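Architecture and fold: a report
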Amino acid sequence: MSDILKELAAILEARKSESPDSSYVASLYAKPDKMLEKIGEEAVETIIAAKNEDREQIIYETADLWFHSMVMLAQKGLSPDDVLNELARRFGVSGHDEKASRK
């Protein structure tokens, strides 16, 4: 996993013990529905940036989407490594075959 993902995951874990008044991440942990809404909001903003073919906005909004997704993972006791391991498992497997295996 990239160093920045490890560092961010550690920070997100540490924010679990902070006050929602002093930490944006802690405020998201305190309001799980708001956290999930933020993921949806950032996903929509990423889609709009892509449709507008705005390279800088695509990067910016994808960073927001990844960040809020990592907050959700941490809140659920998961890590970026869990997602990376799943991607590694799928590597070399046809997307059609992988999708069919979920039925």
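Scroll up a little and you will see the structure.
Residues numbered from 1 in each chain as written. Predicted model: local features only at pLDDT ≥ 70, side-chain atom pairs only at ≥ 80, totals over all residues. Heavy atoms only, no water.

Turning our eyes to something else, we now look at the layout of surface pockets. Put simply, the largest pocket is a space of about 200 Å³. Surrounding the largest pocket, Leu 5, Trp 66, Ser 69, Met 70, Leu 73, Pro 80, Val 83, Leu 84 and Leu 87 form its lining. Here the residues of the lining of the largest pocket sort into eight nonpolar, one polar and no charged. (1 Å grid on protein atoms, 1.4 Å probe; cavity = no way out; pocket = protein on both sides within 12 Å on 5 of 7 lines; lining within 4 Å. Points joined across faces, edges and corners; volume = space filled by probe spheres on them. Nonpolar A, V, L, I, M, F, W, Y, C, P; charged D, E, K, R; others polar.)

Structurally, His 68 is set in helix 4 (residues 55-75). A polar side-chain atom of His 68 sits 2.9 Å from the main-chain carbonyl oxygen of Asp 64. Not counting residues within four places of it along the chain, the set of residues in contact with His 68 comprises Tyr 24, Leu 28, Lys 38, Ile 39 and Glu 42. (Helix = DSSP H or I, 4+ residues; strand = E, 2+ residues; numbered from the N terminus. Polar contact = N/O pair within 3.5 Å; in protein donor to acceptor, adjacent residues only side chain to side chain. Contact = heavy atoms within 4.5 Å.)

Before going further, it helps to examine helix 3 (residues 32-51). The first and last C-alpha atoms of helix 3 sit 29 Å apart over 20 residues, in line with the 28 Å expected at 1.5 Å per residue. Those residues of helix 3 lying buried are Met 35, Lys 38, Ile 39, Glu 42, Thr 46 and Ala 49. Buried residues in helix 3, looked at end-on, bunch into an arc of 100 degrees, giving them a common side. Projecting away from the buried face of helix 3 at angles above 90 degrees are the exposed residues Asp 33, Glu 37, Ile 47 and Lys 51. (Expected span 1.5 Å × (residues − 1). Buried < 20%, exposed > 50% of the residue type's maximum accessible area, 1.4 Å probe, protein only. Arc of directions from axis to C-beta.)

Take the side chain of Glu 61 next. Inspection of the secondary structure assignment puts Glu 61 in helix 4. No salt bridge forms around the buried Glu 61; measuring N to O, its nearest opposite-charge neighbour Lys 38 is 7.9 Å away. Here Glu 61 is in contact with Glu 42, Glu 45, Thr 46 and Ala 49, once residues within four sequence places are set aside. (Lys, Arg positive; Asp, Glu negative; His and termini not counted. Salt bridge = Lys/Arg side-chain N within 4 Å of Asp/Glu carboxyl O.)

All right, on to the environment of Lys 51 then. For Lys 51, the position within the fold is in helix 3. Note: C-alpha distance between Lys 51 and Met 72 (21 residues apart in sequence) is 26 Å.

A few words on the nonpolar core. The biggest cluster of nonpolar side chains holds nine residues, and these are Leu 5, Leu 12, Val 25, Leu 28, Tyr 29, Met 35, Met 70, Val 71 and Ala 74. Of all elements in the fold, only helix 1 (3-14), helix 2 (24-30) and helix 4 reach the threshold of two or more residues within this core. Not counting residues up to four positions away in its chain, the partners in contact with Leu 5 are Met 70 and Pro 80. (Core = buried A, V, L, I, M, F, W, Y, C linked by side-chain atoms within 4.5 Å.)

Right, let's talk about the pattern of salt bridges for a bit. Applying the stated criterion across every chain, the model contains six salt bridges. One salt bridge connects Arg 89 with Glu 86, and the closest N-O pair in it is separated by 2.6 Å. Here Arg 89 pairs with Glu 86, and both are found in helix 5 (residues 80-90), just three residues apart, close to one helical turn. Across the pair Glu 86 and Arg 90 runs a salt bridge whose closest N-O atoms are separated by 2.9 Å. With Glu 86 and Arg 90 both in helix 5 and four residues apart, this pair spans about one turn of that helix.

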